[in-house]
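Working through the structure, step by step
Chain by chain, the residues run as shown.
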Amino acid sequence: MNAASYVIPLPPQASLPVVGESGRYPVRRIWCVGRNYLEHIREMGNDERAPPFFFAKHADMLVPDGATIPYPPLTKDLHHEVELIVAMKSGGLNIPADKALDHVYGYAVGIDLTRRDLQIASRKKERPWEIGKSFDGSAPASAVQPASKIGHPSKGKIWLTVNGKEAQTGDLEQMIWNVPETIWQLSQQVKLAAGDIIMTGTPAGVSQLQPGDKLECGVDGVGTLKVSIGQPE
């Protein structure tokens, strides 16, 4: 079907640049892992024995490297959460952990921006987290590094600074559920496919952001990402 087949203009395809390639990586869905680093679970006062779970953001909430993100509405407690992103090239249901990396195209660096006050209020009322996690500009992401070039990182520093001051630091090997295990778990819930990206959880050190803050983050061997928080729209 072409554009003339629709009664309103087609929305643009969400995508990420790919390092060393002219083509872009098309994003289908964004999945996020909750509670996958032990120290972050502890700092948030959650049960460290509970298994991780998954929530989603919409693909059009992606923000490119170098962008300024307007401070979002309804919140007074915006937090940063730096994460390793896994970009899928294929998928399926019930993918075995020992076959999971065969479905990975590459990796990127992301930030799961969170309206923490709204997230906590929803949790107390046993409501979905969507209002706290899924909002415009809530998914900054770097360019994708193909796994064919960098392999499949399982260890290495993951970090984030705010205005040049270190806020978050950890190591990928501190994940409670590693990348193959995460893919295996998620593929029991939904049928994964090419274009799905998975944000794999954040280490300790999350903190409040204000308009004017400048964030820089990275994962060793994968890349870096810089964004700024602007004034509310």
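Residues numbered from 1 in each chain as written. Predicted model: local features only at pLDDT ≥ 70, side-chain atom pairs only at ≥ 80, totals over all residues. Heavy atoms only, no water.

1. Let's talk about the side chain of serine 122
Within the secondary structure, serine 122 is located in helix α2 (residues 116-124). With sequence-adjacent residues up to four places away left out, serine 122 is seen in contact with Arg127, Pro128 and Ile131. (Helix = DSSP H or I, 4+ residues; strand = E, 2+ residues; numbered from the N terminus. Contact = heavy atoms within 4.5 Å.)

2. Considerations on the nonpolar core
Val27, Leu62 and Ile183 are the most contacted members of the largest nonpolar core, which totals 60 residues. Among the elements that make up this core, the one with the highest residue count is strand β8 (residues 82-88) (6 residues). In contact with isoleucine 183, not counting residues within four places along its chain, are Val86, Met88, Ile95, Ala100, Val104, Leu192 and Ile198. (Core = buried A, V, L, I, M, F, W, Y, C linked by side-chain atoms within 4.5 Å. Buried < 20%, exposed > 50% of the residue type's maximum accessible area, 1.4 Å probe, protein only.)

3. So, the sheet that holds strand β18 (residues 223-230)
The strand order across the open sheet built from 5 strands is β6-β18-β17-β13-β14, with neighbouring strands paired in mixed fashion. Edge positions in the sheet fall to β6 (68-70) and β14 (165-171), since each of these pairs with one other strand and no more. On average, each strand axis in the sheet is inclined to that of its neighbour by 20 degrees, with strand direction left out of account. Looking at chain direction, strand β17 (residues 214-219) and β18 are connected through 6 bridges and run antiparallel. (Pairing = 2+ DSSP bridges. Axes fitted to C-alpha atoms, helices over the stretch in contact; angles between N-to-C directions.)

4. Focus: helix α5 (residues 179-186)
For an α-helix, 3.6 residues make a turn, and residues three or four places apart therefore share a direction. Those residues of α5 that sit buried are Val179, Pro180, Thr182, Ile183 and Leu186. Buried positions in α5, seen along its axis, are confined to an arc of 160 degrees and lie on one side of it. Contacts made by the buried residues of α5 are with β3 (29-34), β4 (53-57), β8, β9 (104-111) and β15 (196-199). One side-chain oxygen of the residue at the start of α5 lies 2.9 Å from the amide nitrogen of glutamate 181, identifying that residue as asparagine 178. (Arc of directions from axis to C-beta. Polar contact = N/O pair within 3.5 Å; in protein donor to acceptor, adjacent residues only side chain to side chain.)

5. Points about the packing of aromatic side chains
Enumeration according to the criterion identifies 3 aromatic pairs in this entry. On the numbers, 5.1 Å between centres and 80 degrees between planes, the contact of phenylalanine 53 with tryptophan 129 is edge-to-face. Residue phenylalanine 53 is located in strand β4, and its partner tryptophan 129 is located in the loop between α2 and α3 (130-133); the two are separated by 76 residues in the primary sequence. Residue classification places tryptophan 129 among the buried positions, given a relative accessible area of 17%. Across the ring face of phenylalanine 135, the terminal group of lysine 57 is positioned such that the distance to the ring centre comes to 5.7 Å. (Phe/Tyr/Trp six-rings, centres within 6.5 Å; stacked < 30°, edge-to-face > 60°. Lys NZ or Arg CZ within 6 Å of the ring centre and 35° of its normal.)

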